[in-house]
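Structural overview for review
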Protein chains: 2
Amino acid sequence: MAERARATIATIAREAGVSVPTVSKVLNNRGDVAPQTRRRVEDLLVKHRYRRRTATRTTRTGLIDLVFVDLHGQWSAEVLRGVEEATQRADVGVVVSAVKGQEARPHGHWLRRIMARGSDGLLLVLSDLSPDQRSQLADVGMPVVLVDPVGVPDAEIASVGATNWRGGMAATQHLIELGHSRIAVIGGPPAYLCSRARLDGYRSALERAGLTVPAEYVRQGDFLSASGHRETMALLDLDEPPTAIFACADQMAMGVYEALFDRGLRVPQDVSVVGFDDLAQTRWAVPPLTTVRQPLTEMAAVATRMLLQLVAGEELDSTRLELTTDLVRRSSTAPPGAAAPPEPAAGEAAEEPGAPVGA
Amino acid sequence: MAERARATIATIAREAGVSVPTVSKVLNNRGDVAPQTRRRVEDLLVKHRYRRRTATRTTRTGLIDLVFVDLHGQWSAEVLRGVEEATQRADVGVVVSAVKGQEARPHGHWLRRIMARGSDGLLLVLSDLSPDQRSQLADVGMPVVLVDPVGVPDAEIASVGATNWRGGMAATQHLIELGHSRIAVIGGPPAYLCSRARLDGYRSALERAGLTVPAEYVRQGDFLSASGHRETMALLDLDEPPTAIFACADQMAMGVYEALFDRGLRVPQDVSVVGFDDLAQTRWAVPPLTTVRQPLTEMAAVATRMLLQLVAGEELDSTRLELTTDLVRRSSTAPPGAAAPPEPAAGEAAEEPGAPVGA
DNA sequence: TTGTATGCGTTATCAT
DNA sequence: ATGATAACGCATACAA
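What you see is a predicted model; the values in this text were computed from it and never measured.

A look at the protein's contact with DNA strand C
Residue and element names in this part refer to chain A. Around DNA strand C sit 22 residues, and of these Ser-19, Thr-22, Lys-25, Asp-32 and Thr-37 come closest. Within 4 Å of the protein, the contacting atoms of DNA strand C are drawn from sugar and phosphate to the extent of 61%. A distance of 2.4 Å is found between a phosphate oxygen of DNA strand C and a side-chain nitrogen or oxygen belonging to Ser-19. Ala-34 is positioned with one of its backbone polar atoms (N or O) 2.8 Å from a phosphate oxygen of DNA strand C.

Structure below.
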């Protein structure tokens, strides 16, 4: 059996009994091929381990894919807005899809679909790619940009995030400056890098201020409000409950509010609360939430522009960008110990309109 | 100038100096045509008013288009979720785009783009189609479903809405039943049909109860929170300010909250508030907002299923569907002049349509 | 028939 | 030169 130096399109074409262009069409997902023929050729391509000689520049479909891992309310909406903004002028359509949290890992049928349909590029939000998926994408030369990736950003893959560590630090420092020393934190899933970074920022701020962190002050949530509620309850049951809580996501902060409310504690007089994200709804919360703004819309817009550059075959200046986070001071933080009746009974004392009323 | 019985592909082909198949490819958005050629042929097709002889069964692209008129936060997010849900199993991609409010009317370049790219169908949210656009779509046989259309739903075009009139009625009746007689309303843009319907529901409920509506009690907003704030301020400045306000959109209700807050008035002790939509965030508001639930997610899902039916060439049972609205009783409504606070809503009690409002 | 759609090869062209 | 793609037409299949 002769050693083939390298399988070329012509080899495949001869063996499949078709012309060279036909094989090319199969390779490029062109429509001009009968399903039968296509399958036959595809099989041969696999059999011969065919690889393109040159950096493939596939035909544009004019579509990019935006894939969310779970379509969660406000958060996704802001990302979508950013993507829209960035594609407004370019002539590309945005195909939005959501994969269920679990589906993300396994076979990634979603990726197969996208690749079969043909897409110029992929924006993946709050997720990550398996090595297998990466090589699939690399094979067809489909560029990817990750928005707020879960894991350690691979230097190979472009990604956009926020300065989570600095944000966590800023939130905590703000509380320290107000005079708090019993500051608890409710983090997100530890698998999420952004979550870890915020937590580390919290730790660093406390250490730098010479404060120690009791282990029970570091709670683990899942970014959703229920976990904020649950962990706050646990915190309030401690012998020395905190005077301030840093929730690593606004959604969780809403749960914190609720729990404090249930216990008849006022924000910020009894407990100060800081969130993270700056979702629109936190402005309407009572009291308006002090939080760390994460420029989701802009992050998405930047990621999209990066992707469009890659699609156009241009080089990126940097494969990793982190946009800055900012502390937004509203009304949920105040110096500790303004007044502290821990457990008022059902009797209600509505004093100032500024204070939410414990029941 | 000779009268041609009917322009055929062959006519066009001859005139354009290409073969018949090439024209066919242009018609079907196939890729095998040079941009120059394509444009030349397209121009001729328009010039000759070319029409397919046969009921065109275009090749599926596996894509549908979801077009928002302005991408507004939570609202769009819920719609998107519904669409995702409905397409999850079907093998179709959802191309999401947003047109700026003004762009919607004029030439609709966005529609050209979509048609050029090729789409199996169109979901249009909170908007309407010009007659011109309708005929364009009809020409290529692209089905459309409108979600919550702005104007009078054309019987020809499939659309999904909510029972806005009933919702407006229910909200108002609820307030009447609580004992309110000075009930104001803040409506949306009068051009929006859904807005008018809610307002009419409000009027009917009051009339039915034998109450008269002072003209100053009917305010016009734009569905955004700022307008809710502004109109509430105006209402409070009246000689006889209302004891209850029905805001025709949750966003506006948040503005109402804010204005009442600014004036040192409590919800619901001093003024009751009812919203419309039931956005997720209203559960976190303090107090949780009594509102009319509009099943946005389900409306979108239903609309999508209708569209997929049309794409599949099936007939619809009905071209117009209205999903039901439900009053969700939370804690922002109480009898007028009530001294007692509402029952504490512990944890998830917020969702219950129970009765926090004692008589 | 006549009109239209599809699969695939031919030819020219582009990139290395 | 050589591998690969792009544009177009031919032949044919299918529809009314």
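Moving on from the model shown.
Brief notes about the pairing of strand S4 (residues 144–147) of chain A
Residue and element names in this part refer to chain A. Of the two faces of S4, both are covered, the one formed by Val-144 and Leu-146 as well as the one formed by Val-145 and Val-147. For strand S3 (residues 121–125) and S4, the ladder comprises four bridges, and the chain directions are parallel. If you follow Leu-122 over to S4, its bridge partner there is Val-144. Bridge count for S4 against strand S5 (residues 158–162) is three bridges, and the pairing is parallel. Note on S5: the bridge partner recorded for Leu-146 is Ser-159.

Thoughts on unusual backbone geometry
A cis geometry characterises the amide bond from Val267(A) onward to Pro268(A), with omega recorded as 0 degrees. When you line up the elements, Pro268(A) lands in the loop between helix H10 (250–262) and strand S9 (272–277). One non-glycine residue with positive phi stands out, namely Asp148(A), at about 50 degrees. Position of Asp148(A) among the secondary structure elements: in the loop between S4 and S5. Unlike most non-glycine residues, Asp277(B) shows phi in positive territory, near 135 degrees. Take Asp277(B): it is sitting in strand S9 (residues 272–277).

Some points on the packing of helix H1 (residues 9–16) of chain B against helix H3 (residues 35–47) of chain B
Residue and element names in this part refer to chain B. Following both chains from N to C, one finds H1 and H3 inclined at 130 degrees, their axes separated by 10 Å at the closest point. Classified by the interaxial angle, the pair formed by H1 and H3 is oblique. The element H1 and its partner H3 pack so that their crossing is right-handed. Across from Ile-12, Glu-15 and Ala-16 in H1, the residues of H3 making contact are Arg-40, Val-41, Leu-44 and Leu-45. Its residues assigned to classes, the contact of H1 with H3 shows five nonpolar, no polar and two charged.

A short note on the relation of the copies chain B and chain A
The transformation that overlays chain B on chain A combines an axial shift of 0.3 Å with a rotation of 178 degrees, and the residual RMSD is 0.8 Å. Look at the turn and shift together and you get a two-fold axis relating the two. When C-alpha distances to the rotation axis are compared across chain B, the minimum falls at Val95(B), with a value of 2.2 Å.

Considering the protein's contact with DNA strand D
In the neighbourhood of DNA strand D, 22 residues make up the surrounding shell, with Thr22(B), Lys25(B), Asp32(B), Ala34(B) and Thr37(B) lying closest. Atoms of DNA strand D within 4 Å of the protein belong to the sugar or the phosphate in 66% of instances, the rest to bases. Within the backbone of Ile9(A), one N or O atom sits 2.8 Å away from a phosphate oxygen of DNA strand D.

Cut-offs and rules
- Residues numbered from 1 in each chain as written.
- Chains lettered and ligands numbered in written order.
- Predicted model: local features only at pLDDT ≥ 70, side-chain atom pairs only at ≥ 80, totals over all residues.
- Heavy atoms only, no water.
- Near = heavy atom within 4 Å.
- Polar contact = N/O pair within 3.5 Å; in protein donor to acceptor, adjacent residues only side chain to side chain.
- Buried < 20%, exposed > 50% of the residue type's maximum accessible area, 1.4 Å probe, protein only.
- Helix = DSSP H or I, 4+ residues; strand = E, 2+ residues; numbered from the N terminus.
- Pairing = 2+ DSSP bridges.
- Axes fitted to C-alpha atoms, helices over the stretch in contact; angles between N-to-C directions.
- Parallel < 35°, antiparallel > 145°, perpendicular 65-115°, else oblique.
- Left-handed = near helix turned anticlockwise from the far one by under 90°.
- Contact = heavy atoms within 4.5 Å.
- Nonpolar A, V, L, I, M, F, W, Y, C, P; charged D, E, K, R; others polar.
- Least-squares fit on C-alpha atoms with pLDDT ≥ 70 in both.

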